[in-house]
Amino acid sequence: EITSSAQNAKNLQRLRDGDPTLSHLMLGRGAWGGYSYFGVGDDFGWLGYFIGRSQCLRELRIYCLPEGNEGHAFMEGIARNQ
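Criteria and thresholds
Residues numbered from 1 in each chain as written. Predicted model: local features only at pLDDT ≥ 70, side-chain atom pairs only at ≥ 80, totals over all residues. Heavy atoms only, no water. Core = buried A, V, L, I, M, F, W, Y, C linked by side-chain atoms within 4.5 Å. Buried < 20%, exposed > 50% of the residue type's maximum accessible area, 1.4 Å probe, protein only. Helix = DSSP H or I, 4+ residues; strand = E, 2+ residues; numbered from the N terminus. Expected span 1.5 Å × (residues − 1). Arc of directions from axis to C-beta. Salt bridge = Lys/Arg side-chain N within 4 Å of Asp/Glu carboxyl O. Polar contact = N/O pair within 3.5 Å; in protein donor to acceptor, adjacent residues only side chain to side chain. Contact = heavy atoms within 4.5 Å.

## So, the nonpolar core
Then, number 1: Leu12, Leu15, Leu22, Leu25, Leu27, Phe44, Leu47, Phe50, Ile51, Leu57, Phe74 and Ile78 form the largest nonpolar core, which has 12 residues in total.
Then, number 2: Elements that contribute at least two residues to this core include exactly α1 (6-17), β1 (24-27), α2 (44-53) and α3 (69-79).

What follows is the structure, encoded as structure tokens:
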């Protein structure tokens, strides 16, 4: 498991598959509505990787990232795909 919930797993799959309907994403506390919450138990490295290679994502709001290795893995994942 690389995510803490079925909804997050679905959104990771949508990012991976290039789903054009996933154009907005929120991360951390404060994420609500039609957006996604990613938090403790989620693999931020994979999340960053899929965000970085997304051609459809137009808005990314980050309310909170984990400290340490997970936050660093997230940024590395995005940077690898630019």
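Anyway, onward from the coordinates.
## A word on α1
Then, number 1: With 12 residues, α1 should reach 16 Å at 1.5 Å per residue; the first-to-last C-alpha distance of 16 Å fits that figure.
Then, number 2: Three or more residues of α1 are buried, namely Asn8, Asn11, Leu12 and Leu15. Buried residues of α1, seen end-on, are gathered within an arc of 105° and therefore sit on one face of the element.
Then, number 3: Of the residues flanking the end of α1, it is Gly18, one or two places downstream, whose phi is positive at about 75°.

## As for the pattern of salt bridges
Then, number 1: Tallied over the full model, the rule gives 4 salt bridges.
Then, number 2: In this structure, Arg16 engages Asp17 in a salt bridge whose closest nitrogen and oxygen atoms are separated by 2.9 Å.
Then, number 3: With a closest N to O distance of 3.9 Å, Glu76 and Arg80 form a salt bridge.
Then, number 4: Classification of Glu76 by relative accessible area gives partly exposed; the value is 32%.
Then, number 5: Given a relative accessible area of 62%, Arg80 falls into the exposed group.

## A word on the side chain of Ser54
Then, number 1: The residue Ser54 is located in the loop between α2 and β2 (59-62) in this model.
Then, number 2: Take Ser54: its relative accessible area is 18%, and that puts it in the buried class.
Then, number 3: For Ser54, the side chain forms a polar contact with the main-chain nitrogen of Cys56, separated by 3.2 Å.
Then, number 4: From its side chain, Ser54 meets the backbone nitrogen of Leu57 in a polar contact 3.0 Å long.

## Comments concerning the environment of Glu70
Then, number 1: With respect to the helices and strands, the residue Glu70 is situated in helix α3.
Then, number 2: Residue Glu70 is classed as partly exposed on the basis of its relative accessible area of 31%.
Then, number 3: Sequence separation between Glu70 and Gly45 is 25 residues, and the spatial gap between their C-alpha atoms is 6.7 Å.
Then, number 4: Setting aside residues no more than four positions away along its own chain, Glu70 makes contact with Asp42, Asp43, Phe44 and Gly45.

## Examining α3
Then, number 1: Turning to α3, its buried residues are Gly71, Phe74, Gly77 and Ile78. Along the axis of α3, the buried positions cluster into a sector of 125°, meaning they face one direction only. Seen from the buried face of α3, the exposed residues on the opposite side, beyond 90 degrees, are Asn69, His72 and Ala79.
Then, number 2: In this structure, the buried residues of α3 make contact with β1, α2 and β2.

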